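This is what each chain is made of:
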Amino acid sequence: MKTISVKREGNRWYVVLSCDDVPAEPLPAAGAVAGIDLGVAALVTTSDGVHVANPRHLAATADRLAAAQRDLARKRRGSTRRLKEVARIAALCGKVGRQRVDYAHKVANALVRGYDVIVHEELRIANMTRSASGTVEAPGRNVAAKSGLNRGILDAGWGVFLTILSHKAESAGRELIAVNPAGTSRTCARCGHCVRENRATQAEFRCRPRPGGVSGTYKSAPRESGHDERMNVNLSVIPAFLAGHARLLDRRRHDLLMGDGDATGVLAALEGYRNADGGYGWGLEPDLRAPESQPGAALHAFEVFEEIAPATAPQAAALCDWLESVTLPDGGLPFVLPIGDTAATAPWWAGGDPAVSSLQITSVSAAAAHRVAVHDPAVAAHPWLEQATRYCLDAIQAMKEPPHAYVLAFAVRFLDAVHDTRPRAAELLKRLGDHIPEDGRVRVEGGTEEEALRPLDFAPSPGRPARTLFEPEVIAADLVRLAGQQRDDGGWAVDYARISPAGAMEWRGAATVNAVKILRANGLV
């Protein structure tokens, strides 16, 4: 024990202990490096493009604090009422300080878990928050704006955050590097191009073209300017990647997602996988190449019907008709129907039992259908959806053992989809959450060595009930991971087994579209 001190904050007393030779608790290597930028619009922005919100604790309390200060001004000095008002103000200020420290701890934890090396600007915060009022002889300029910025910086608590980050990095065995901030806010992280115009506003960065349409002065092959700097994701190269690696359906989906396509084109591409019975086959599920209609392909079709919203398609209700025709007596869908030709088909599909209901297939299909039902009344009213929903709720409630990773993820997504309409869903969702580790990583039993499901596989959409199963910093770290997985060719890869050359290529195209879809839904690209 080095020192023991006692301090008082308002009516609260604290004992502060400091120790020498405290052993570090190194974290496992994360295999990632990041630069961070502190701001007011966002407290932290990483070089991966993730924005960590600035909760503005003082601003949120400003009205109550101002009212308390006005009340204090009306109280007689030395009176009991004045002392009570002083205590009230101290309590408000103390709460703001505790909120700021608590949030800084959470954000710093997420950073040290996610990166081996963290680089930040060596900010002189005292100089940055110096008054701009000047003197009588030399009055300052834009005093009100500078005062507002100063309040914002101090409210964000940059100094507190950097101190906590430094302590946590040292304890976790991470390296924290402070660099000269000159020019960093105007320099493009991708190409090195540094001009004032790159930083249009404090919250927005976009690399501006140099003469000739190229930004940057580096010796490697130049990259065209105008890439998206809100995330470290190069959107401009994705269409070229999809042209060489993706099926037509996913190219059309990407065009629609980015606002360049329309529902007609996507539906036309999907139609090639459709059979006369209303179901889908022909490799719409890339590891199930057989032509027959299969329940496992329904998810991918419903994804398209969801993405074309607010447009609807009669094929969605026809798919529900087909699913109803193959539903088993207990209301569930079989994992797979008999396959005539198993060429290039994964063994788990080829060996499935068509006489047994599968919660995995039924829940993921019903979840996707419920998302379509939000804008398609024909799907919402279809009897198959009600039948499948009852089966899933009963099967989830009957669970006694921890489920397989995919069953767990698909059941969570199903409960998220029906949360607002089925009273049982909230409690069942909490129960399933007990099977998910704090870091959200669930290994896939029987999969490849690297195969695991992550928080965004369970809860891809912000503001949904499934997000309550994860701490905000866990989701933020997973968004960083997802963005960082874009490869040099512009696409994303998958960590599960490659079954066929065609399937492996098609999965990369689908994974790329889904990655952009998730990042876009979370407001990051």
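Scope of this entry: the structure provided in the associated data block.

On to unusual backbone geometry, then. Here the amide bond leading from Ala 309 into Pro 310 is cis, since omega sits at 10 degrees, within 30 degrees of zero. Inspection of the secondary structure puts Pro 310 in the loop between helix H9 (298–307) and helix H10 (314–326). Look at Trp 282: it is not a glycine, yet its phi comes out positive at around 60 degrees. Note that Trp 282 resides in the loop between helix H8 (263–271) and H9. Accessibility expressed as a relative area gives 49% for Trp 282, which makes it partly exposed. Residues other than glycine seldom take positive phi values, yet Ala 344 does so here, at roughly 60 degrees. Assignment of secondary structure puts Ala 344 in the loop between H10 and helix H11 (347–350).

A grouping of Met 1, Ile 4, Val 6, Trp 13, Val 15 and Leu 17 is seen on the molecular surface, where their side chains present a nonpolar patch of about 720 Å² in accessible area. For the nonpolar patch, the secondary-structure elements that each account for two or more residues are strand S1 (3–9) and strand S2 (12–18). At three residues, the largest contribution of residues to the nonpolar patch is made by S2. Take Met 1: it is sitting in the segment before S1.

Working definition: the strands of a sheet are paired by backbone hydrogen bonds and lie parallel or antiparallel to each other. Taking strand neighbours across the sheet as the criterion, the five strands line up as S5-S4-S3-S6-S7 in an open arrangement whose pairing is mixed. Strands with a single pairing partner mark the edges of an open sheet, and in this sheet they are strand S5 (51–53) and strand S7 (175–179). Strand-to-strand twist across the sheet, computed as the mean angle between neighbouring axes with direction ignored, equals 25 degrees. Strand direction decides the pairing type here: strand S3 (residues 33–38) and strand S6 (residues 117–121), joined by four bridges, are parallel. Bridge pairing in S6 places Ile 36 opposite His 120. Of the strands in this sheet, S3, strand S4 (42–46), S6 and S7 touch helix H5 (residues 158–172), which is tilted by about 160 degrees from S3.

Our focus in this paragraph is the nonpolar core. Proteins that are soluble and globular tend to have nonpolar side chains buried together. Counting residues in hydrophobic clusters, the biggest one holds 120 residues, and the most contacted among them are Phe 161, Phe 302 and Phe 305. The element that contributes the greatest number of residues to this core is helix H15 (residues 405–418), accounting for 10 residues. For Phe 302, the contacting residues outside a window of four places in its chain are Ala 316, Leu 319, Cys 320, Leu 323, Ser 365, Ala 368, Ala 369, Val 372 and Trp 384. Core analysis: the second largest hydrophobic core is formed by five residues, Leu 65, Ala 68, Leu 72 and Ile 89 among them.

Within the structure shown, the criterion is met by 20 salt bridges. Two residues, Arg 481 and Asp 478, come together in a salt bridge whose shortest N-O distance is 2.5 Å. Taken together, the residues span about one helical turn, with Arg 481 and Asp 478 both in helix H18 (residues 472–484) at a distance of three residues. Judged by its relative accessible area of 4%, Asp 478 is buried. Asp 489 is the salt-bridge partner of Arg 508, the closest N and O atoms lying 2.9 Å from each other. Of this pair, Arg 508 sits in helix H19 (residues 501–521) while Asp 489 sits in the loop between H18 and H19, and the two are 19 residues apart along the sequence. Among the residues examined, Arg 508 registers a relative accessible area of 14% and is labelled buried. Residues participating in the shared-partner salt-bridge network are Arg 247, Asp 250, Arg 253, Glu 307 and Lys 517.

Rules of the game
- Residues numbered from 1 in each chain as written.
- Predicted model: local features only at pLDDT ≥ 70, side-chain atom pairs only at ≥ 80, totals over all residues.
- Heavy atoms only, no water.
- Helix = DSSP H or I, 4+ residues; strand = E, 2+ residues; numbered from the N terminus.
- Buried < 20%, exposed > 50% of the residue type's maximum accessible area, 1.4 Å probe, protein only.
- Patch = residues over 30% accessible without salt bridge, like charges linked within 9 Å, V, L, I, M, F, W, Y side chains within 5 Å.
- Areas by Shrake-Rupley, 256 points an atom, 1.4 Å probe, with all protein chains shown as cover.
- Salt bridge = Lys/Arg side-chain N within 4 Å of Asp/Glu carboxyl O.
- Pairing = 2+ DSSP bridges.
- Axes fitted to C-alpha atoms, helices over the stretch in contact; angles between N-to-C directions.
- Contact = heavy atoms within 4.5 Å.
- Core = buried A, V, L, I, M, F, W, Y, C linked by side-chain atoms within 4.5 Å.

Remember, this is a structural readout, not a statement about activity or role.
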